[in-house]
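Letter by letter, the chains look like this.
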Amino acid sequence: MTVPILLSVVAGLLIVIGLIEPLAVRLKLPASVLFAVVGILIGGGASFLLYTPYTDIFNSAARVLVYFPVDGETFLYVFLPVLLFQAALNLDVRRMLEDAAPIFLLAVIAVVAATGAIGFALGQVTDYPLVACLLLGAIVATTDPVAVLAIFRDLGAPARLTRLVEGESLLNDAAAITLFVLLLELLVGGKPITFSEGALRFAISAAGGGVLGYAIGRAGVALFLVVSEVPAALVTLSVALPYVVYIVAEQVFHVSGVIGALAAGVAVNIHGQMRASPDAWRYMREIWEQLEFWASSLIFVMASLLVPRLLDQLSIWDLVPLAVLILAAFLSRAAVLFGLLPLLTVARLSARVSARFKTVILWGGLRGAVTLALALVVTENYDIDPAVRRFVGVMATGFVLFTLLLNGTTLRLLIRLLGLDRLSPFDQLLRDNVLALALGNVRDVVDQTARDYGLADTSSEKTIAVYDARIATVAARTVTESEILDRDRIRLGLVALADRERNLVLEHFRERTISLRIIEKLVTDTGLMAESARVGGRVEYKRAARHALDFPRSFRVALFLHRAFGINHFLVNQIADRFERLLVMRIILSELVPFVQERVAPIVGARVSALVEEILATRREGVAKALDALRLQYPDYADSLERSFLMRVALRREELEYSNLFEDRLIGNELYTNLRKSIDETREKISERPVLDLGLRTRDLISTFPMFMGLSDAQLDQITRLLKPLFAVPGELLIRRGERGESVYFISSGAVEVARDSGRVRLGRGDFVGELALLTGAPRAADVTALGYCQLLVLEGVDFRRLLDRNPEMKAEVERVAAERLAMNRGRSPMPPPAAVAAPEPPVPAPPAPPAEAPLPVDETPVAAMVAAPVEPPPAQPAAASIGTPLADILAKPAAAPAAAAPAAEAEPTRPPAAS
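Residues numbered from 1 in each chain as written. Predicted model: local features only at pLDDT ≥ 70, side-chain atom pairs only at ≥ 80, totals over all residues. Heavy atoms only, no water.

Draft legend 1. Representation of the side chain of Asp173 within the structure. Among the secondary structure elements, Asp173 is positioned in helix H9 (residues 159-189). No salt bridge is formed by the buried Asp173; its nearest oppositely charged neighbour, Arg367, is found at 8.6 Å. If we ignore the near neighbours within four places in the chain, the residues touching Asp173 are Leu84, Thr142, Thr143, Val258 and Val370. (Helix = DSSP H or I, 4+ residues; strand = E, 2+ residues; numbered from the N terminus. Buried < 20%, exposed > 50% of the residue type's maximum accessible area, 1.4 Å probe, protein only. Lys, Arg positive; Asp, Glu negative; His and termini not counted. Salt bridge = Lys/Arg side-chain N within 4 Å of Asp/Glu carboxyl O. Contact = heavy atoms within 4.5 Å.)

In structure tokens form, the structure reads like this:
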């Protein structure tokens, strides 16, 4: 066998593959069926030419086709990783999660059920070992979705049906092949194992492959950053990834390489797009589509070439076990679909799957190239009894041909008979509204084009009349609005809104106005909002929108490191990421306003579009408040971020201008290259995000407190060593009512709210809270919550007491404030703060509770709003006689005893109280 002959045969097969695809479209047949038929014909014809006594001219090429130098192991190691990786790369993972339970049932439980049913059924009618029969069951349990999905796409089958079949077939291969490997080892080794041992090995192999594959996939995604701007290098890394995972899993860790390759594809699917430039990612996806077409087509044709050899010893007596195999396979699949699947709905683990869907899934369980490849692995393993090898090869091949030639050719008819190719009333309304809108736009363009180019009125009128007639036809069959519930229209509008938001995020990413640091979070949030709207309408959409404004887990970890160990680096990055993300969200939400007015409104109607606009406005307000809270705390950093964003936009426009000039041949390649180089240099400079200064230097924070003014440098140094800087986020609970008082909080910037039984009070810069519990030893009497981003100084109880003992003036001030607050807790009125002591930032009254449908409460109060209006003091009451007396005397009185009334003239001015 020479290399030129082998290459000629492969080239000829590629030509056949290229011609079969359009032929399948013309004949309205699944391409897989034609691939199998053509492969069998080529294999049979090659056998005839090789062994015929009439001619020897074609013997060289015929020998290559009959004894094709590709065995079962080659199929598994060369083609399977590519097919699994590409399938995972195209999955809509979030949509799959909606039907995770039924997909798992069909992909794993159904495989085990089919393997057992087929194995035990064949064990009753044949003399072959039970293990061999179970092995055959695992081989034919794999389904091939290529032909089925092609029919679904052609007929416009429901999206959920397509999702179920695609998810089942993908995980089905992984589960069946993992089970196949286990049973093959058992058959070859001959050592019996218990059911529990086999189940444990299966679980370890599957779980180990998944964990390993996902870990290597994430590592590969990390490498994408290195080659993110070089599409060819990105494709090279992505092609190597599934093979590395498959080989390492199978040969090093002895776990499932199939599940490993699948998990690696899922990892790249979820995280890869945010680690590569948009152009490189698009190029990589296009190359993978081509690789998948070659792999799926070649494996089908090459496996089909071997069918004549596998069926060489077929006899009439083989039809009986083949019929048992077919019957057991379909009955076990039907039992899972119609018996177990409804139980998921009863257990509230899945939405109901209709009987029509289950019928199509049952009949659409085609077998294909993977089944033939696994059968080939057995027939070429000479450690297995020859009779078993022949039995497995004949049965698997016969079953594949049966499903392809019968099920594959009639599936299209079954879908039409069940009416799954017809749109629901809601989808019909959507189609008609979209079609009417599009046709109206086309009509206007035709009219304007005729005017611009001075075309004859008769020509334009006849063309426009065609579109007028189509618009009238659509309008005549449009479903009336009363037939469609408003909640369905709202769901449609919100899904369209979320999908458009995601597209805008990706467009900004392609335009390089969004950095890699935040793109993953933005894409994840928009995807979650789209899925939430599909499942739960506006309620779930609002919940997802609120979640997008929440602090993520990584932020909380960074905050913990800041609090526990004084590590600020991660917190700085998290706040900077949040700053940038909120800025981009505000820009994108503004861009969504015309989309709702121009695109959503004509489809869902004015009433529903107004509600969608209201929801969007609420989101914009929430993002603006969150951004303003950060901006007020760090105004200089906000300006730097906005300048950086505008600079990215300017560079992109500049790049497009130079590109247009070059394409119009107004500038040469040398000048264009020079201009691009200057843009790349500038873009690299501005890609470095400005450094955010949290402003947590203790000495600087101390200088903002009036009570520390006038102290000597030595005293300030001493206090600096005692105080610990603390960063608080909006909505964070600093002090909890009822807990033991351990520390005092000095507010350097921001504001906090003290909530006690008698009301709420806000304290701001220069104030302190938490001292009363330390002085009295009583539990905390109020909850203290950060209203915005706050810079605090924390002083532990022991250090607080020592500090007061060393500084009489400070002690007097703290005692005076504590006395006032204690008096307030006993029912006395607050008074304005004394002139000698700096007052806290003017507070604002608490915002009113949102109405039931309004939504999106925001966890960040803009500090700018905190200075809007003062809190109205409660009605004046007689001041306590003990005001102005030593603190020890006040504390000596029982806390629960009511204070005696005293003339108002005795009361000294006090700062707003806080029961802490």
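Draft legend 2. Representation of the sheet that holds strand E8 (residues 790-796). Strands sit in the order E1-E8-E3-E6 across an open sheet of 4 strands; the sheet is antiparallel. The open sheet has two edge strands, strand E1 (724-728) and strand E6 (768-769), and neither has a second partner. Looking at chain direction, strand E3 (residues 743-749) and E6 are connected through 2 bridges and run antiparallel. Bridge pairing links Phe746 to Phe768 in E6. (Pairing = 2+ DSSP bridges.)

Draft legend 3. Region of interest: a nonpolar patch on the surface. A cluster of nonpolar side chains, namely Phe104, Ile109, Leu340, Leu343 and Val346, defines an oily patch on the protein surface of about 460 Å² accessible area. Where the nonpolar patch is concerned, the elements lending two or more residues are helix H6 (100-125) and helix H15 (319-346). No other element matches the 3 residues that H15 contributes to the nonpolar patch. Position of Leu343 among the secondary structure elements: in helix H15. (Patch = residues over 30% accessible without salt bridge, like charges linked within 9 Å, V, L, I, M, F, W, Y side chains within 5 Å. Areas by Shrake-Rupley, 256 points an atom, 1.4 Å probe, with all protein chains shown as cover.)

Draft legend 4. Structural view of the environment of Asn172. Within the secondary structure, Asn172 is located in helix H9. For Asn172, a relative accessible area of 2% puts it in the buried group. As for Asn172 and Ala141, which are separated by 31 residues in sequence, their C-alpha atoms are 7.7 Å apart. In this structure Asn172 touches Leu106, Ala107, Val111, Ala141, Thr142 and Thr143, once residues within four positions along its chain are discounted.

Draft legend 5. Broad picture of the side chain of Glu580. Structurally, the position occupied by Glu580 is in helix H24 (residues 569-604). With residues near it in sequence (within four places) discarded, Glu580 still touches Ser515, Arg517, Ile518, Leu641, Arg648 and Arg689.

Draft legend 6. The pairing of E8, seen in detail. Within E8, 6 of the 7 residues are buried, leaving the element largely enclosed by the surrounding structure. Taken together, the 5 bridges between E1 and E8 define a ladder with antiparallel strand orientation. Looking at the pairing, Phe727 lines up with Gln791 of E8. Judged from the 6 bridges that link them, E3 and E8 form a sheet pairing that is antiparallel. Bridge pairing in E8 places Ser743 opposite Glu796.

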